Protein chains: 2
Amino acid sequence: MTGAVRPTSRDVARAAGVSQATVSLVLGGKWRGRVSERTASAVRATADELGYRPNLAARSLRLGRTRTALLVVPALTNEYFARLYSGAAGVAAEHGFGVVLYPSPEGVGPARDPFGSARAAIDGVIASSMAADALAGIGDVGRDGGLPLVMLDSDPSAPQGPPTVNLAVGDGIRQVTRHLLDLGHRRFAHLAADVDTWTFRVRAEAVAAELAGVPGAVLTSERCALDVAAARAAAGRALDGPGPRPTALLCDGDVLAAGACKAVRGLGLRVPDDVSVSGFDDLSLASALDPELTSVRLPAEEVGSAGMRALLELLDGGTPRPSELPVELVVRGSTARPARRRP
Amino acid sequence: MTGAVRPTSRDVARAAGVSQATVSLVLGGKWRGRVSERTASAVRATADELGYRPNLAARSLRLGRTRTALLVVPALTNEYFARLYSGAAGVAAEHGFGVVLYPSPEGVGPARDPFGSARAAIDGVIASSMAADALAGIGDVGRDGGLPLVMLDSDPSAPQGPPTVNLAVGDGIRQVTRHLLDLGHRRFAHLAADVDTWTFRVRAEAVAAELAGVPGAVLTSERCALDVAAARAAAGRALDGPGPRPTALLCDGDVLAAGACKAVRGLGLRVPDDVSVSGFDDLSLASALDPELTSVRLPAEEVGSAGMRALLELLDGGTPRPSELPVELVVRGSTARPARRRP
DNA sequence: GGTGTGCAGTGTTACGTATAACGTCGGGCC
DNA sequence: GGCCCGACGTTATACGTAACACTGCACACC
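Residues numbered from 1 in each chain as written. Chains lettered and ligands numbered in written order. Predicted model: local features only at pLDDT ≥ 70, side-chain atom pairs only at ≥ 80, totals over all residues.

J.: Mind showing me how you'd approach the pairing of strand β2 (residues 98-102) of chain A here?
T.: The side chains of a regular strand alternate, first on one face of the sheet and then on the other. Residue and element names in this part refer to chain A. Taking burial as the measure, the five residues of β2 include five buried ones, the bulk of the element. Neither face of β2 is open: one carries Gly98, Val100 and Tyr102, the other Val99 and Leu101, and all of them are buried. Strand direction decides the pairing type here: strand β1 (residues 68-72) and β2, joined by five bridges, are parallel. Bridging across to β2, Thr68 finds its partner in Gly98. As a crossover connection, the stretch from β1 through helix α5 (residues 79-94) into β2 is right-handed. (Buried ≥ 20, exposed ≤ 12 C-beta atoms within 10 Å, placed from the backbone. Helix = DSSP H or I, 4+ residues; strand = E, 2+ residues; numbered from the N terminus. Pairing = 2+ DSSP bridges. Right-handed = clockwise from strand over helix to strand, strands pointing away.)

Below, the structure is given as structure tokens:
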């Protein structure tokens, strides 16, 4: 009936025969030189005998800090961001922090202002540049007097911008390009995401720069939305364009690569025998396809954990240096030497 | 310098020339018959003129409720659970609730006890039966005096169990089986997840029951872990078993189906010409594969939203009835009539 | 004229914690 | 012996909110 009420620090104090302040000191770890070892351990003993858990609401109210960070990402159904969350929540937990998400659901935009309520309950923000629009509707974040902010996958060259955690995506796509060049490919098509963020701009620039110095190299480019159907259509355009047919499709993501593979087969061609296809992100999808995708593995968890660490440093008054995490080319079955005969 | 401090309800009261209690009444919506329309609107005006946001920590402390629910799922990187979260967070936001996750990160188990701290800050729990082990380490949840609990995809026939939200998975796999029977298949293999939860038990039972009455129908079964490689191996065993080769592979999930497709091709056979493969879940993966998977669409978002609604009802003192959500067969290219000649 | 009665609002308190400011008590030192 | 001091705690307070109990006050009713 009387569902055992959660004990408070005062209950612990009574049971241990000390004052509430002492309990707070001991459990808060600031008792050195203020409380004797004997009483301290006695307090700790009675505390977990009663199953005492500090009331976080009261603590937050008292301290004015919530030990909660807000993670702003476009969608958790994107595996990259799910893994990113995982990494962020991991280090957060190690420091007694929690992580809440925005926008929580796809459908709930700034209309109902889910952030409005969150705003009062968070200490800082970690935001992906791919959710910049969501961040824009937020207000005093990242500037003096506003909430501390860490940006992910965002242009690090901004003069007075917030701390950033980036991936070496340019390096990644250069590796893919070089891999395909080494296999003997010369006619490339770049399947680019039509999203105007730093990470995608860098890719387009990097592939163009890498091919610029190669004699005989040809590059065309198609932009499309980030889904399989759009990618299939775009790849179809790239393969059936006016010039000679490309032998390698460089895709900005594994999802796009999946669409590209379909387009190739739709023309009666084979992957990788007739056309090589490369992905990016190395999602679980890359290994589920047949043939498995050559892709670029992004350390998504580490982006999240590094972002969280940067935020924690920021909250400690430090100034975290921008970091760039390495990526890794993973060669699988979707890329091979080009066929000798021109189709 | 003096980063504009957040105004409190007392600041609003002073500015509006009323008492703090009045502000609380007005903004809390309980002012009908207690405060005049004129002052109420004046208070509201000054409130959002000052940009007032209630301090959630203080509110939680005062009310003893946090307006936060805990969602216990195995992993967000599983698209089903990401979508489920999305649905839950959606209705939560509509009711001023937040949703936190456990286990936040894959790696952080009960070791660091992330729940221990969350325990103090949540009003109720929504748990997937697939994370039952995580829930077990939690304590007084779901029983009298414990935290309100809603179970997802869990056996609804438990006598005094918590409210449940389920999917009609049995019906779903029956639909798939019937679809394959209608196409003319008679030799089936069931690729079953070796996870001992209600949802997977029901599937195994349903496919067996559906085939029991069909003359000439043969069913074998292989269990495997929920990843592509394990599924490929298991499907290989099923296809190369002692008896006649099955013409249809019924898989417990799209990920398993992806592995099954690989196994089929590894034997020099084709999907669906030689062997039909069906998935389950209808993740984005199903449409990314080539051919696209015939699968069973699960309304993951609605499971989450229904779970959240049930929890809200529970918190209101109600007793939500167990619900079962319908699923839908989606026929795509991975299933077809079996070949006439026996391979 | 006294007494209810509804309106419009105010004073006050408690939620549980962290910490600043304040005792108390014995011992060491000159 | 007086005095200070460190060790060990305690008392008191504030954080911002919600809600209970109360106060005036005008008006109506018998």
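Picking up where we left off.
J.: Would you mind showing me how to read the protein's contact with DNA strand C here?
T.: Taken together, 29 residues form the shell around DNA strand C, and within it Ser9 and Ala21 of chain A together with Ser19, Ala21 and Ser36 of chain B come nearest. Counting residues per element, the ones that place at least two in the surface near DNA strand C are α1 (9-16), α2 (20-28) and α4 (56-63) of chain A together with α2 (20-28) and α4 (56-63) of chain B. Take the surface near DNA strand C: its biggest share by element is six residues, from α2 of chain A. Considering only residue class, the surface near DNA strand C consists of 11 nonpolar, 12 polar and six charged. (Near = placed C-beta within 6 Å. Nonpolar A, V, L, I, M, F, W, Y, C, P; charged D, E, K, R; others polar.)

J.: Teacher, can you tell me more about the packing of α1 of chain A against helix α3 (residues 37-50) of chain A here?
T.: Between two packed helices, the angle of one axis relative to the other and the distance separating the axes together describe the packing. Residues and elements named next belong to chain A. Look at α1 against α3: their axes get within 9 Å of each other, and the N-to-C directions meet at 120°. It follows that α1 is oblique to α3 by the angle criterion. When the axes of α1 and α3 are compared, the crossing they make is right-handed. Contacts between α1 and α3 involve Asp11, Val12, Ala15 and Ala16 on the former and, on the latter, Ala42, Val43, Thr46, Ala47 and Leu50. Per-class residue counts for the contact of α1 with α3 are seven nonpolar, one polar and one charged. (Axes fitted to C-alpha atoms, helices over the stretch in contact; angles between N-to-C directions. Parallel < 35°, antiparallel > 145°, perpendicular 65-115°, else oblique. Left-handed = near helix turned anticlockwise from the far one by under 90°. Contact = placed C-beta atoms within 7 Å.)

J.: Explain the protein's contact with DNA strand D here, please?
T.: Of all residues adjacent to DNA strand D, which total 27 residues, the nearest are Ser19, Ala21 and Ser36 of chain A together with Ser9 and Ala21 of chain B. The set of elements that each furnish at least two residues to the surface near DNA strand D consists of α2 and α4 of chain A together with α1 (9-16), α2 and α4 of chain B. Within the surface near DNA strand D, the residues separate by chemical class into 10 nonpolar, 11 polar and six charged.

J.: Where do I start with unusual backbone geometry in this structure?
T.: Leaving glycine aside, a negative phi is the common case for residues, and trans is the common case for peptide bonds. Residues Asp290 of chain A and Pro291 of chain A are joined by a peptide bond in cis, for which omega reads 5°. Assignment of secondary structure puts Pro291 of chain A in the loop between α12 (284-288) and β10 (295-297). The omega torsion across Val271 of chain B and Pro272 of chain B is 5°, close enough to zero to call that bond cis. In this fold, Pro272 of chain B is placed in the loop between α11 (254-266) and β9 (276-278). Non-glycine residue Asp153 of chain B carries a positive phi angle of around 55°. The residue Asp153 of chain B is located in the loop between β4 (149-152) and β5 (164-167) in this model.

J.: Sorry if this is basic, but what is going on with the domain arrangement of chain A here?
T.: By a widely used convention, the size of an interface equals the accessible area lost when the partners come together. Residue and element names in this part refer to chain A. Partitioning chain A into structural domains gives domain 1 (9-54), domain 2 (68-166 + 301-324) and domain 3 (169-298). Here the C-alpha centre of domain 3 lies 30 Å away from the C-alpha centre of domain 2. At the junction of the two partners, domain 2 supplies seven residues and domain 3 supplies eight residues. Along the lines of polarity and charge, the residues of the side of domain 2 that touches domain 3 split into two nonpolar, two polar and three charged. (Domains from an automatic or database assignment.)

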